[in-house]
There are 2 protein chains.
Amino acid sequence: MQSKLQKEIEKLAKQARDASYKLATLSIEQRNKVLSEIALLLDKNRSQILEENKKDIEAAKKNKLSAAFIDRLTLTDNYVDSMISGVKQIIALDDPLNRILEERTLKNALLLKKVSVPLGVILMIYESRPNVTIDAASLALKSGNSIILRGGSDALNSNKILAGIITAALEKLRIHKNTVQLVTNPDREAVNILLEQEKYIDVVIPRGGYGLIKAIAEHSKIPVIKHYQGICHTYVDDEADLALAEKVCLNAKCQRPGTCNAMECLVVNEKIAGKFLPTLLKRYQDEGVKIFGDEKTLEIAEKHSLEIERAREEHYDTEFLDLIIAVKVVDSLQEAIDFINAHSTKHSEAIISKNQKKIKEFMDNIDASAVFANTSTRFNDGFEFGLGAEIGISTDKLHARGPVGLKELTTYKYLVFGNGQLRA
Amino acid sequence: MQSKLQKEIEKLAKQARDASYKLATLSIEQRNKVLSEIALLLDKNRSQILEENKKDIEAAKKNKLSAAFIDRLTLTDNYVDSMISGVKQIIALDDPLNRILEERTLKNALLLKKVSVPLGVILMIYESRPNVTIDAASLALKSGNSIILRGGSDALNSNKILAGIITAALEKLRIHKNTVQLVTNPDREAVNILLEQEKYIDVVIPRGGYGLIKAIAEHSKIPVIKHYQGICHTYVDDEADLALAEKVCLNAKCQRPGTCNAMECLVVNEKIAGKFLPTLLKRYQDEGVKIFGDEKTLEIAEKHSLEIERAREEHYDTEFLDLIIAVKVVDSLQEAIDFINAHSTKHSEAIISKNQKKIKEFMDNIDASAVFANTSTRFNDGFEFGLGAEIGISTDKLHARGPVGLKELTTYKYLVFGNGQLRA
């Protein structure tokens, strides 16, 4: 027997599927019109949005949630502006649908076209940031996908008003409101039931901490695009331009340490470690970075009266997301490659070297979504890569790897035109 | 505490990962040389292969396994020939690796390249057909992927000698033998442990019955490319060329009914049903096809003294894989589209019509890996589509949809070349 909640969730998922068929056939003009309407309504309903958001913030304060949590939850006038400009940016992007990816006439005169089409129904599960409601729905609408939104229950008032704006925009354009649905039931069991709707939902995209993503990946019967941690390395080769290496390593670690593409581990060739490390470690300390070094790093630091801590094995497997770095000295490019492939999360890795052959060797052998030469891992980002917008950075290898933009929210189908051909 | 089996399987998976890094950097000439050597050794060891296969066949007979099962298990001289020609076809295909998928210079002068690379490690789980050992390993080697093979235990002797041939070819070319590993432990628990090795294995491809695939998809922590059933429809429109429709419907149902792209359900517009069905149903019966029809089909059949059975709801959700068909009469294109989207498995669907607008409507609205106009669903196939070879036909939407060939066994990475650019 199905429970009431099961029935409710299954109905919601089926509604999303039904709406997705209609949405998939809308023209790019129609899809962009909804987005324009959303941008307009965000501006019009500014004060109500901030009012609803205030309710969530007050409840969060009452529940003694952390300052970081409340910071992520908080919307301001500037935030509404950036939501609006985000939607406008998505409007300006090329249509990801109906692209002809391949076209050929087969030897039996069948005409074959491989065409980009929406995935169908996306389930977005996220934590406290209410702006994800607008960002994710806008990307879904532009790419012709229905979306089910399940935000954190602490942001429910904010998410409700934002979802209400989307619904109003859909209704104005006479597009079915089930195209974008917010799950308002706070029951955690609702998520588990959603993850069983593989008949109606095509992909799950969780955004949040490692624990959330891992739990969803393990429970879901639906394919999941995972945005796991970034344990990102920069390898400074013995043939590096050391001045360049220093500024890149500072940028990769310190510019925004809380992001997944920030550098967490510095790997240095021992031939230049004695020359390179003292200045860099000093500069890191000036920036407030806490340093965990291996034996060789400790020796060098000691010679220069720099106080750093001894790295334990687990430091090389930690995403600090903070002003903390692990340092490892290696004796060769090969040792650097082996070390990085063993400890990385296949997110963003970099080499600093002037030797093109070594750069190629590093890039060929490192298994990651993006490999950088002589620049900062912080560039692994949909906007920086020119995708125009992103829903996250995938650490998966299947379907979408690295920045997930509009194209990555599509699949394809083959269209085959014949005149009575039969299989022999 | 890890069990002995857990340790054994984890070791095997890690070996595959380690070997994959070396394999990924081999040139196309080196990868093709291994394949040539495999083809050579298959020919040289022909009699031993058939001898080992005979052991499996005898055991299967002793165990009273079905004739169909033994048929799938059996290798003949012709089968060895077709394995050899299969390997040679793969050699002739273009290299799927190192293709530059995108290349652009970003506004900060970073050079960005998106390049095709191997997935890494493939786990192939299959049932009785021993030729899959050679087919899957050849596709994996060509696409630079390590592979772990887990065939059915009833084919163990056959799989062992075929895997032995692959190992000999690898060793001759000085490529690590762990690149292709056969799991010989017959314990079913070995599969469950394999499905937990997400650290070392990138994708699971199960080939076999619905039950096997479903069980693997539900247990696996590793992404699975699923080859589920094909409940394939052909819709005959009121504006169809009925002679063409008849021959296409016969081909789609009867030419090889046991395949996933064979038609299982005929959907007919009622305006032409009275004219079209009597001849077709008669021809189906001449071919030995058992027919389940809805009310309207029954009425038409009765008028023409054709004995057919009443369709029950479940017949429209069954993959018969046999000379059986379900027939449904609809009153419009829209009803046909809704019916097909509700009952299909998103595999292969067809429309027969002379009206181009209706064809477009059908193709735009039907959610399937391939949609055909005026030809047989049987064409949904990697060879027919010109992919050169296939490991199966995916019913997933993510990563690979429809025929899975060499390209679908690759992913991509971004290579970014800078000269000290920093993120602002």
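Within each chain, residues carry numbers counting from 1 in the order of the written sequence. As they are written, the chains are lettered A onward and the ligands numbered 1 onward, keeping that order. The predicted nature of this model means local features are confined to residues of pLDDT at least 70 and side-chain atom pairs, given and counted, to a pLDDT of 80 or more, with totals for whole chains, interfaces and linings taken over all residues.

Our focus in this paragraph is the overall build of chain A. Only DSSP runs of H or I with at least four residues qualify as helices, and only runs of E with at least two residues qualify as strands; both kinds are numbered from the N terminus onward. Across its full length, chain A holds 14 helices and 16 strands. The principal-axis extent of the C-alpha atoms belonging to chain A is close to 70 × 70 × 45 Å. Here chain A holds 424 residues, and 51% of them are scored as buried. Once C-beta atoms are placed from the backbone, each residue is buried if 20 or more other C-beta atoms lie within 10 Å of its own, exposed if 12 or fewer, and partly exposed for counts between those two.

Another point: the pairing of strand β6 (residues 203–207) of chain A. Residue and element names in this part refer to chain A. Of all 5 residues making up β6, 4 are buried, and the element is well covered by its neighbours. As judged from the 5 bridges shared by strand β3 (residues 121–126) and β6, these two strands associate in the parallel manner. Bridge pairing links Met 124 to Ile 205 in β6. Paired strands are those between which DSSP finds at least two bridges.

Residues and elements named next belong to chain B. Reading across from one edge, β5-β4-β3-β6 is the order of the 4 strands in this open sheet, with parallel pairing throughout. Edge positions in the open sheet fall to β5 (180–182) and β6 (203–207), since each of these has one partner strand only. In this sheet, adjacent strand axes meet at a mean angle of 15° when their direction is disregarded. Its contacts with the sheet place helix α6 (residues 131–142) against β3 (121–126), β4 (146–150), β5 and β6, and it is angled at close to 165° to β4. Only the stretch in contact is used when fitting a helix axis, every axis being a line fitted to C-alpha atoms; angles between N-to-C directions are given from 0 to 180 degrees. Contacts here follow a simple rule: the backbone-placed C-beta atoms of the two residues must lie within 7 Å.

Turning our attention to the environment of Arg104(A). On the secondary structure map, Arg104(A) appears in strand β1 (residues 100–105). Here Arg104(A) is in contact with Leu112(A) and Gly386(B), once residues within four sequence places are set aside.

Read from one edge of the open sheet, 10 strands run β1(A)-β2(A)-β16(A)-β13(B)-β12(B)-β7(B)-β8(B)-β11(B)-β9(B)-β10(B), paired in mixed fashion. Lying at the two open borders of the sheet, with one neighbouring strand each, are β1 of chain A together with β10 (309–310) of chain B. Sheet topology note: the β1(A)/strand β2 (residues 111–118) of chain A ladder contains 5 bridges and is antiparallel. Bridging across to β2(A), Ile100(A) finds its partner in Val115(A).

Turning our eyes to something else, we now look at the domain arrangement of chain A. Residue and element names in this part refer to chain A. One can read the domain layout of chain A as domain 1 (4–226 + 400–417) and domain 2 (232–384). The centre of domain 1, based on its C-alpha atoms, is set 36 Å off from the matching centre of domain 2. Each partner contributes to the interface: domain 1 provides 4 residues, whereas domain 2 provides 5 residues. Looking at the side of domain 1 that touches domain 2, its residues break down into 1 nonpolar, 2 polar and 1 charged. An automatic or database domain assignment supplies the start and end points of every domain. Each residue gets one of three labels, nonpolar for Ala, Val, Leu, Ile, Met, Phe, Trp, Tyr, Cys and Pro, charged for Asp, Glu, Lys and Arg, and polar for the others, Gly among them.

The copies are overlaid by a least-squares fit using only the C-alpha atoms of residues whose pLDDT is at least 70 in both copies. Once turned by 180° and shifted 0.0 Å along the axis, chain B lies on chain A with an RMSD of 0.1 Å. Here the symmetry operator amounts to a two-fold rotation axis. In terms of proximity to the rotation axis, the leading residue of chain B is His399(B), whose C-alpha is 1.8 Å off the axis. Comparing interface residues between copies, 100% of those in chain B also sit at the interface in chain A, which points to an isologous, same-surface contact.

This part covers helix α13 (residues 333–343) of chain B. Residue and element names in this part refer to chain B. Every buried residue of α13 is accounted for by Leu 333, Ala 336, Ile 337 and Ile 340. On an axial view of α13, the arc spanned by its buried residues comes to 100°, and they lie on one face. Away from its buried face by more than 90 degrees, α13 exposes Gln 334 and Ala 342. The elements touched by buried residues of α13 are β7 (232–236), β8 (263–269), β11 (324–330), β12 (348–352) and α14 (356–365). The arc under discussion is defined with respect to the helix axis, by the directions toward the C-beta atoms.

In this fold, Ser153(A) is placed in the loop between β4 (146–150) and α7 (156–172). C-alpha of Ser153(A) to C-alpha of Arg188(A): the two residues are 35 residues apart in sequence and 9.6 Å apart in space.

Across the boundary between the two partners, chain B contributes 56 residues, which contact 56 residues of chain A. Sorting the residues of the side of chain B that touches chain A by element identifies α10 (242–254), α14, β13 (370–373) and β16 (410–417) of chain B as the ones contributing at least two each. Residue composition of the side of chain B that touches chain A, by class: 24 nonpolar, 18 polar and 14 charged.

The next subject is the confidence of the model for chain A. Per-chain confidence: chain A averages 96 in pLDDT, with 100% of residues scoring 70 or above. Model confidence for the complex is summarised by a pTM of 0.93, with the ipTM given as 0.94. The predictor attaches a confidence to each residue, and that confidence, scored 0 to 100, is pLDDT.

Glancing now at the packing of helix α2 (residues 28–44) of chain A against α7(A). Residue and element names in this part refer to chain A. Taken N-terminus to C-terminus, the directions of α2 and α7 make an angle of 135°; their axes are 9 Å apart at the nearest point. Between α2 and α7, the crossing angle belongs to the class labelled oblique. Relative to α7, α2 is oriented so that their crossing is right-handed. From α2, Val 34, Glu 37, Ile 38, Leu 41 and Leu 42 reach across to α7, where they touch Ile 165, Ile 166, Ala 168, Ala 169, Leu 170 and Lys 172. Its residues assigned to classes, the contact of α2 with α7 shows 9 nonpolar, no polar and 2 charged. Oblique is the label for any angle not under 35 degrees, not over 145, and not in the 65 to 115 range, which are roughly parallel, roughly antiparallel and roughly perpendicular in turn. What makes a crossing left-handed is the near helix being turned counterclockwise from the far one by less than a right angle; a clockwise turn instead makes it right-handed.

This brings us to the environment of Arg174(A). Tracing the chain through its elements places Arg174(A) in the loop between α7 and β5 (180–182). Once the C-alpha coordinates of Arg174(A) and Met83(A) are considered, the two residues, 91 residues apart in sequence, prove to be 23 Å apart.

Each turn of an α-helix holds 3.6 residues, which means side chains three or four residues apart point in the same direction. Residue and element names in this part refer to chain B. Within helix α12 (residues 295–303) the residues assigned to the buried category are Thr 297, Leu 298, Ile 300 and Ala 301. In an axial view of α12, the angular spread of the buried residues amounts to 165°, which keeps them on one side of the axis. For α12, the exposed residues lying more than 90 degrees away from the buried face are Glu 295, Glu 302 and Lys 303. Of the residues flanking the end of α12, it is Ser 305, one or two places downstream, whose phi is positive at about 50°.

With that settled, consider the nonpolar core. Grouped burial of nonpolar side chains is what soluble globular proteins tend to show. In this description, a nonpolar core means buried residues of the types Ala, Val, Leu, Ile, Met, Phe, Trp, Tyr and Cys, linked to one another by C-beta atoms lying within 7 Å. Ranked by size, the top nonpolar core spans 140 residues in total, and within it Ile148(A) and Ile148(B) carry the most contacts. Ignoring any residue separated from it by four or fewer positions in sequence, one finds Ile148(A) in contact with Leu12(A), Ala13(A), Ala16(A), Val121(A), Leu123(A), Gln181(A), Val183(A), Leu194(A) and Ile201(A).

Note on backbone geometry: most residues besides glycine have negative phi, and most peptide bonds are trans. All names here are of chain B. Of note, the phi angle at Leu 321 is positive, near 55°, even though the residue is not glycine. Along the chain, the position of Leu 321 falls in the loop between β10 and β11. Classification of Leu 321 as partly exposed rests on a count of 15 C-beta atoms within 10 Å. The phi dihedral of Asn 374 falls on the positive side, at around 60°, and the residue is not glycine.

All names here are of chain B. Running from N to C, helix α5 (residues 77–92) and α6 point in directions that differ by 10°, and their axes come no closer than 10 Å. In this view, α5 runs roughly parallel relative to α6, as classed from their interaxial angle. The segment α5 lies against α6, with Tyr 79, Met 83, Gly 86, Val 87 and Ile 90 engaging Asn 131, Ile 134, Asp 135, Ser 138, Leu 139 and Lys 142.

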